[in-house]
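Single-letter residue listing:
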Amino acid sequence: MVTFFSYAMIITFMFLIMKKKLTPFTALVLVPFIFTIIGALIGIFPTNIGEMALQGIKDTATTGVMLLFAILYFSIMLDAGLFDPLTNFVIRAAKGDPLKITVGTAIVAAMVSLNGDGTTTTLITCTAFLPIYRRLNLSIMNFGVLVILMNTIMNLLPWGGPTARVIAVLDVNEQAILRSLAPGMIVSVIYMIFVAYYMGKKERKRLGIQQLTSEEIEELCASSDKDEDNLKRPQYIWINAIMTIVLVVMLVLGTLPSVVLFLVGTVLALIINYHSLSEQRERIQENAGDAVQVVILVLGAGILMGLFTGTGMADALALSLTNIIPERFGRFWGLIV
């Protein structure tokens, strides 16, 4: 009976999300609660539902806090213009060469995806590169492919949505996850740069290298949003760059817990770049929305796993799968998944 409930809950959960009947967050919370309550009423599950859910939240709380400050930190760096010099360098160095533009697009997309948020990456890369793609008549489809695939790779960082939910569910160390994922991510990024090179070669063959005047290049580099310009802190670019590099290195080496690193990093980023209390408050308010979207999903996943584990459904599902899978396929199961 427990096995039946575990399969029914997972199938119901996936159906509601794939059919867009519920958002992932509401499904993560409501579906396990409903199944657990029904199971408790008919006597196959424990009745301490609140304790199981609370234990799941406790298990994921540290991950949720880490995500909150990781996203805030990189969002503040983006506001301060940490990656603007790289973007402007790419545009100036390209000088109308499609090959350099596509490779530059891929590199910038990877860098600005460090905050794990696809929306921010899309906004920044579109603002920076779409004008030059239109000016040179380059394929917008190529631009979309490069940005989305690069963002997909960088979204595997521990503070990105998918990996964050895996960390919450499996209760593993995010620094260990990062060390395990980093080699594959580096290879994938290098592969995507070759894809950008291939696309650029085709565009160069189709359009040739066009000559842009210095005035046109400066116009493409200039921001059209005065409010964003007011947030830039070019005078602190090297401090921000060094601080970000040190933070990432310490994160990979496991010098301190990641939640502590990002907490201190966020505080320093605010103090260094925005001196007045009102500016600091505005940066937190503006960027909190991106962080909250990920954090509530992690807490929702914690509730699901707290109930799924506490009721015994997780063990029942695992045992059922091991019985279904032929023993000779066991060592290939990772590849099959």
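The notes below deal with the structure included here. (Residues numbered from 1 in each chain as written. Predicted model: local features only at pLDDT ≥ 70, side-chain atom pairs only at ≥ 80, totals over all residues. Heavy atoms only, no water.)

### Observations concerning the packing of helix α7 (residues 140–154) against helix α9 (residues 174–207)
Worth spelling out the cut-off: Angles here are taken between N-to-C directions and fall from 0 to 180 degrees, while the axes themselves are lines fitted to C-alpha atoms, restricted in helices to the stretch in contact. Runs of E in the DSSP output that reach at least two residues are strands. Runs of H or I that reach at least four are helices, and both are numbered from the N terminus. For classification purposes, an angle smaller than 35 degrees is called roughly parallel, one larger than 145 roughly antiparallel, one from 65 to 115 roughly perpendicular, and anything else oblique. A contact between two residues is defined here by any heavy atoms of the two lying within 4.5 Å. Under the grouping applied here, Gly and all other residues not named as nonpolar or charged are polar, the nonpolar ones being Ala, Val, Leu, Ile, Met, Phe, Trp, Tyr, Cys and Pro and the charged ones Asp, Glu, Lys and Arg.
Remark: α7 packs on α9, axes separated minimally by 10 Å, with the N-to-C direction vectors making an angle of 175 degrees. Between α7 and α9, the crossing angle belongs to the class labelled roughly antiparallel. Contact residues: N142, V145, L146, L149, M150, I153 and M154 in α7; M185, S188, V189, M192, I193, V195, A196, M199 and E203 in α9. By residue class, the composition of the contact of α7 with α9 is 13 nonpolar, two polar and one charged.

### Quick notes on the packing of aromatic side chains
Going by this rule: Paired rings are identified among Phe, Tyr and Trp, the last through its six-membered ring, by centres lying within 6.5 Å, and are further divided according to the angle between planes into stacked (under 30 degrees), edge-to-face (over 60) and tilted (the rest). Three labels apply to residues, based on accessible area from a 1.4 Å probe with only protein chains included: buried if under 20% of the type maximum, exposed if over 50%, partly exposed otherwise in between.
Considering all chains together, one arrives at six aromatic pairs under this definition. The interplanar angle of 85 degrees and the centroid separation of 5.3 Å between the aromatic rings of Y73 and F74 together place this pair among those described as edge-to-face. By relative accessible area, which is 1% here, F74 ends up buried. In textbook terms, an aromatic cluster arises when at least three aromatic residues are bridged by ring pairs, as seen for F4, F5, F35 and F45.

### A word on the packing of helix α5 (residues 98–112) against α7
Inclusion rule: Left-handed is the label given to a crossing in which the near helix is rotated counterclockwise from the far helix by less than a right angle, and right-handed is the label when the rotation is clockwise.
Look at α5 against α7: their axes get within 8 Å of each other, and the N-to-C directions meet at 30 degrees. The angle between α5 and α7 places the two elements in the roughly parallel class. As for the relative orientation of α5 and α7, their crossing is right-handed in sense. Residues T102, T105, A106, A109 and A110 of α5 pack against F143, L146, V147, M150 and M154 of α7.

### What about helix α4 (residues 84–94)?
As a reminder of what qualifies: Throughout, the arc means that of the directions going from the helix axis to the C-beta atoms.
Taken together, the buried positions of α4 are occupied by T87, V90, I91 and A94. All buried residues of α4 fall inside an arc of 95 degrees around its axis, so they share one side. Where α4 ends, the next residue or the one after it, K95, has phi of about 50 degrees, a positive value.

### Quick word on the nonpolar core
Defined as follows: Definition used in this section: a nonpolar core is a set of buried Ala, Val, Leu, Ile, Met, Phe, Trp, Tyr and Cys residues joined via side-chain atoms within 4.5 Å.
F129, I132, W159 and F262 are the most contacted members of the largest nonpolar core, which totals 68 residues. Not counting chain neighbours up to four residues away, the residues in contact with I132 comprise I91, I101, L212 and L220.

### What to know about the pattern of salt bridges
Rules: Salt-bridge detection follows one rule: a side-chain nitrogen of Lys or Arg within 4 Å of a carboxyl oxygen of Asp or Glu.
Applying the stated criterion across every chain, the model contains four salt bridges. The partner of D97 in a salt bridge is R204, with the nearest N and O atoms 2.7 Å apart. Placement of the pair is D97 in the loop between α4 and α5 and R204 in helix α9, with a sequence separation of 107 residues. For R233, the salt bridge is made with E279, and the minimal N-O distance between the two is 3.2 Å. In this pair, R233 is assigned in the loop between α11 (226–231) and α12 (237–253) and E279 in helix α14 (residues 277–310), connecting sequence segments 46 residues apart. Residue R233 is classed as buried on the basis of its relative accessible area of 11%.

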